[in-house]
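# Results of the structural survey
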Amino acid sequence: MCGITGWIDWNRDLTQDSEHLERMTETLAPRGPDAAGTWISAHCALGHRRLSVMDPENGAQPMIRHAGGHTYVIVYNGELYNAPELRVELEGRGRSFTTNCDTEVLLVSYMEWGKACIERFNGIFAFAIWDSGEQHLFLARDRLGVKPLFFSEGTSEGKFMFGSEPKSILAHTEVPAQVGAAGLAEIFIVGPARTPGHGVYKHLRELRPGQCMTVTRDGNAIHTYWKLESRPHADSIEETASRVSQLLQDTVERQLISDVPLCTLLSGGLDSSALTALAVNYYKGTGQGNIHTFSVDYVDNDKNFKAHAFQPNADAPWIKRMSEHLGTIHHSIQFDTPELVDALRAATLARDLPGMADVDASLLLFCREIKKEATVALSGEAADEIFGGYPWFHREDALNANTFPWSLATGMRSDLLNPEVADWIKPQQYLADRYEDALAEVPHLDGEDAAARRMRIMSYLNITRFMPTLLDRKDRMSMAVGLEVRVPYCDHRLVDYVFNIPWEIKTSGSREKGILRKALVGALPEDVLWRKKSPYPKTHNPNYLEAVRTMLLEVLDDSSSPLLPLINVKKVREIADSADASSNIPWFGQLMSGPQLFAYLWQTDLWLRQYKVSIG
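Description of the structure in this document. What you are looking at is a predicted structure, and each value in this text was computed from that prediction instead of being measured.

### Here we look at the overall build of the protein
For the protein, the count of helices and strands is 24 helices and 19 strands. Expected size for 616 residues packed as a compact globule is a radius of gyration near 25 Å; at 24 Å, the protein falls within 12% of this value. Dimensions of the protein, computed from the C-alpha atoms along their principal axes, are close to 70 × 60 × 55 Å. Counting the 616 residues in the protein, one finds 63% classified as buried. The long-range fraction of contacts in the protein, counting pairs at least 24 apart against all pairs at least 6 apart in sequence, stands at 73%. Carbon and sulfur atoms make up 49% of the accessible area of the protein, which amounts to about 22300 Å² in all. Across the protein, the 63 positively charged side chains and the 80 negatively charged ones have centroids separated by 1 Å.

What follows is the structure, given as structure tokens:
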């Protein structure tokens, strides 16, 4: 994995201005701690920071190739899991290679097939290719949006900037850190999620998953090359389970390829246990030794944990069960409250936005520890969105809420705003409009009854609206410390297949993710196979609540805080002072309740200050 950035200016000679490119590239140093490179021509400048995973000796970027009078230059962030097959096919068509890295396979694929090359890729990627003959920049993002790609058309004609993270684009003087009404609505009513394609900052956008873009002197064009489609599902339950099993095994084995140390994240739940079991079996079969596994927890969570609907049991005993069963080399990482609080700042800067509070901070710390032993990790992220594992898939109030099921507390969130700001941004109407936009995209199937139609909507919303939030989180927190995290459940073949599995088959055995459990029979111990879902762990230590409450109260007492004009200070202070602050009722997702609200508002204040955000 890496960090990419660059800019186009059709009206000036960029070779006379390397400072912008150097500054943009340097902001991405944590994503690529192993090497840096830049390339500049008259109208195109490209920057790259490298995290070496495949062919460390020969995969330097920007990578340049010449053919047919054209110069092709690529900057690329990601992994192509079908690179070996593509390489064989390209060699059969007369193409030659000088490295063993997938970067060259991707570039040569473009040289052979042009823009249509992206339809052949199985992987996670964001890349940009400058084609001197065509005088255009071609950019693309993977189908599920595992790897990020932001862009800006600046504030004047003839310019275009892009980058793996907003910070790389904001480093260009053409793009101010400005937020308008829509951006504030994204922060205060949609966030920590983000509407696909919306960059929050006024002059910033995101290339959506499954999209590509061409930048030319005559204008810029975006094309959707992949999206979820609805098709009849003819397979029986047994055939479906077998197909899911085959797809999952194939994608895990593809994603275990690495020239650097690799591990898995193990929570003791179904999703991570399945990936770890498949990885262990593959390592045994190929004679690669034992797999290293990592888990995260918090000091005194064993004393403070209280089961509830969203988190029914603790992970620790199950992690021990699976590690011993599989014989992994396990590393149990624990963090205490002061570490979590301190990491809130770094987590905000990694996202360039307020995020998921201690859920982000703990993941950042976790990845930092993993990086000491490994460079690549496999994660069970996204299985719940794809297979329907979240509680809101199974609750009538969420199914019938007529809004995103992870955003049910919209009234409370709106009340936290300064009334004048609320009148300006109209938060609830904004959210309702974004929900209607999402509904309009859903590819329905002719002949579906109302119940099947509703579950298809839920699946689509979770895959295209909630899953990107967690993928963004995973990318930013891991890449902030130079760790590559792969997500096998996001293989587009698996997602495409499972999206069309009828709900009664997905929940076979009357259990959430029933078809996944059936596909894994024999691969996992029975008690782990049928364990009830438990999400990513958060701290239950009351010291954390007190720490973030105190931090927020300090902000509320600071008359210079840029947050104060945006919020209803009296209302927020009442909540901070009340006994309800420790409530387990989420205001976003499953995990963000009272303590996370305080931390989120504190992060928002930090973001406004640190990025010198102007409102307008």
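### A closer look at helix 22 (residues 542-556)
With 15 residues, helix 22 should reach 21 Å at 1.5 Å per residue; the first-to-last C-alpha distance of 21 Å fits that figure. When we look at burial in helix 22, the residues that qualify are Y544, L545, V548, R549, M551, L552, L553, V555 and L556. On its buried face, helix 22 sits against helix 10 (337-351), helix 11 (357-371), helix 23 (569-577) and helix 24 (594-610). Of the residues flanking the start of helix 22, the one acting as N-cap is N541, its side-chain oxygen 2.8 Å from the backbone nitrogen of N543.

### Notes on the side chain of T276
Within the secondary structure layout, T276 lies in helix 7 (residues 270-286). Take T276: its relative accessible area is 0%, and that puts it in the buried class.

### Details of the sheet that holds strand 12 (residues 211-216)
Read across the sheet, 6 strands follow the order 4-5-6-7-12-13 without closing on themselves; strand pairing throughout is antiparallel. Where the open sheet ends on each side, the last strands, each with one partner, are strand 4 (63-67) and strand 13 (219-224). For this sheet, the mean inter-axis angle between neighbouring strands, taken without regard to orientation, is 15°. Alignment of strand 4 against strand 5 (residues 70-80), held across 5 bridges, turns out to be antiparallel. Considered in strand 5, the bridge of I64 is made with V73. Against the sheet, helix 3 (residues 102-113) contacts strand 4, strand 5, strand 6 (123-131) and strand 7 (136-141), and its axis sits at roughly 130° relative to strand 5.

### Considerations on the nonpolar core
In this structure, F127, F387, Y489 and W607 are the most contacted members of the largest nonpolar core, which totals 193 residues. For this core, the element with the highest residue contribution is helix 17 (residues 450-479), accounting for 12 residues. By size, the runner-up hydrophobic cluster in this structure holds 20 residues, among which are V75, L137, L207 and M213.

### Some points on the sheet that holds strand 2 (residues 35-40)
With antiparallel pairing, the 6 strands of this open sheet are ordered in space as 2-3-1-9-8-11. Only two strands of the sheet have a single neighbouring strand rather than two, namely strand 2 and strand 11 (205-206). Here 7 bridges tie strand 1 (residues 2-9) to strand 3 (residues 44-50), and the two strands are oriented antiparallel to one another. Within strand 3, the position partnered with I4 by the bridge is H48.

### Re the packing of helix 16 (residues 427-441) against helix 17
Each pair of packed helices can be summarised by the angle the axes make with each other and by the distance between the axes. At a closest axis distance of 10 Å, the pairing of helix 16 and helix 17 adopts a crossing angle of 115°. On the basis of their axis angle, the class for helix 16 and helix 17 is roughly perpendicular. Seen from above, helix 16 lies across helix 17 with right-handed handedness. Contacts between helix 16 and helix 17 involve Y435, D437, A438, L439 and E441 from the former and R454, I457, Y460, L461 and R465 from the latter.

### Focus on the packing of aromatic side chains
Going through the model one piece at a time under the given rule, you end up with 20 aromatic pairs. Residues Y390 and F466 carry aromatic rings whose centres are separated by 5.5 Å and whose planes lie at 90° to one another, so their mutual orientation is edge-to-face. Of this pair, Y390 sits in the loop between helix 12 (383-387) and helix 13 (396-399) while F466 sits in helix 17, and the two are 76 residues apart along the sequence. On the basis of relative accessibility, which here comes to 3%, the residue F466 falls in the buried class. Ring centres 5.2 Å apart and planes at 90° place the aromatic pair F404 and Y435 in the edge-to-face group. Of this pair, F404 sits in the loop between helix 13 and helix 14 (410-415) while Y435 sits in helix 16; the two residues are 31 residues apart in sequence, bridging distant segments of the chain. Following the ring pairs from residue to residue traces out a cluster consisting of Y390, W392, F404, W406, Y435, F466 and F588.

### Structural notes on the layout of surface pockets
Its volume calculated, the largest pocket comes out at about 480 Å³. Every residue lining the largest pocket is counted, 26 residues in all, and those nearest its centre are R208, P209, E441, Y460 and T464. Broken down by element, the lining of the largest pocket gets its largest block of residues, 6 residues, from helix 17.

### Some points on the pattern of salt bridges
Counted according to the given criterion, the structure contains 47 salt bridges. Here R95 makes a salt bridge to E112, at a shortest N to O gap of 2.7 Å. Note that R95 is positioned in the loop between helix 2 (83-92) and helix 3 and E112 in helix 3, a separation of 17 residues in sequence. The closest approach of N and O atoms between D475 and R476, which form a salt bridge, is 3.2 Å. On the basis of relative accessible area, R476 is assigned to the buried category, the value being 2%.

### A closer look at unusual backbone geometry
In this structure, the amide linkage connecting Q61 to the following residue, P62, adopts the cis form with an omega of -5°. Backbone torsion omega between G191 and P192 reads 5°, so that peptide bond is classified as cis. Tracing the sequence through the fold places P192 in the loop between helix 5 (181-190) and strand 11. At K513, a position not held by glycine, the phi torsion is positive, near 55°. Along the polypeptide, K513 turns up in the loop between helix 19 (503-506) and helix 20 (514-519).

### Quick look at empty space enclosed by the protein
On inspection of all chains with the given rule, the structure shows 7 cavities of 30 Å³ or more. One number sums up the size of the largest cavity: a volume of about 640 Å³. Taken together, 39 residues form the lining of the largest cavity, with S267, E381, S534, P535 and Y536 sitting closest to its centre. Of all the secondary-structure elements, those providing two or more residues to the lining of the largest cavity are helix 7, strand 15 (292-298), helix 11, helix 12 and helix 17. Per-element tally for the lining of the largest cavity: the top contributor is helix 17, with 4 residues. Residue classes in the lining of the largest cavity are distributed as 19 nonpolar, 8 polar and 12 charged. A volume near 140 Å³ is recorded for the second largest cavity.

Reading guide: rules and limits
Residues numbered from 1 in each chain as written. Predicted model: local features only at pLDDT ≥ 70, side-chain atom pairs only at ≥ 80, totals over all residues. Heavy atoms only, no water. Helix = DSSP H or I, 4+ residues; strand = E, 2+ residues; numbered from the N terminus. Rg over C-alpha atoms; globule rule 2.2 N^0.38 Å. Buried < 20%, exposed > 50% of the residue type's maximum accessible area, 1.4 Å probe, protein only. Contact = heavy atoms within 4.5 Å. Areas by Shrake-Rupley, 256 points an atom, 1.4 Å probe, with all protein chains shown as cover. Lys, Arg positive; Asp, Glu negative; His and termini not counted. Charge placed at Lys NZ, Arg CZ, Asp CG, Glu CD. Expected span 1.5 Å × (residues − 1). Polar contact = N/O pair within 3.5 Å; in protein donor to acceptor, adjacent residues only side chain to side chain. Pairing = 2+ DSSP bridges. Axes fitted to C-alpha atoms, helices over the stretch in contact; angles between N-to-C directions. Core = buried A, V, L, I, M, F, W, Y, C linked by side-chain atoms within 4.5 Å. Parallel < 35°, antiparallel > 145°, perpendicular 65-115°, else oblique. Left-handed = near helix turned anticlockwise from the far one by under 90°. Phe/Tyr/Trp six-rings, centres within 6.5 Å; stacked < 30°, edge-to-face > 60°. 1 Å grid on protein atoms, 1.4 Å probe; cavity = no way out; pocket = protein on both sides within 12 Å on 5 of 7 lines; lining within 4 Å. Points joined across faces, edges and corners; volume = space filled by probe spheres on them. Salt bridge = Lys/Arg side-chain N within 4 Å of Asp/Glu carboxyl O. Nonpolar A, V, L, I, M, F, W, Y, C, P; charged D, E, K, R; others polar.

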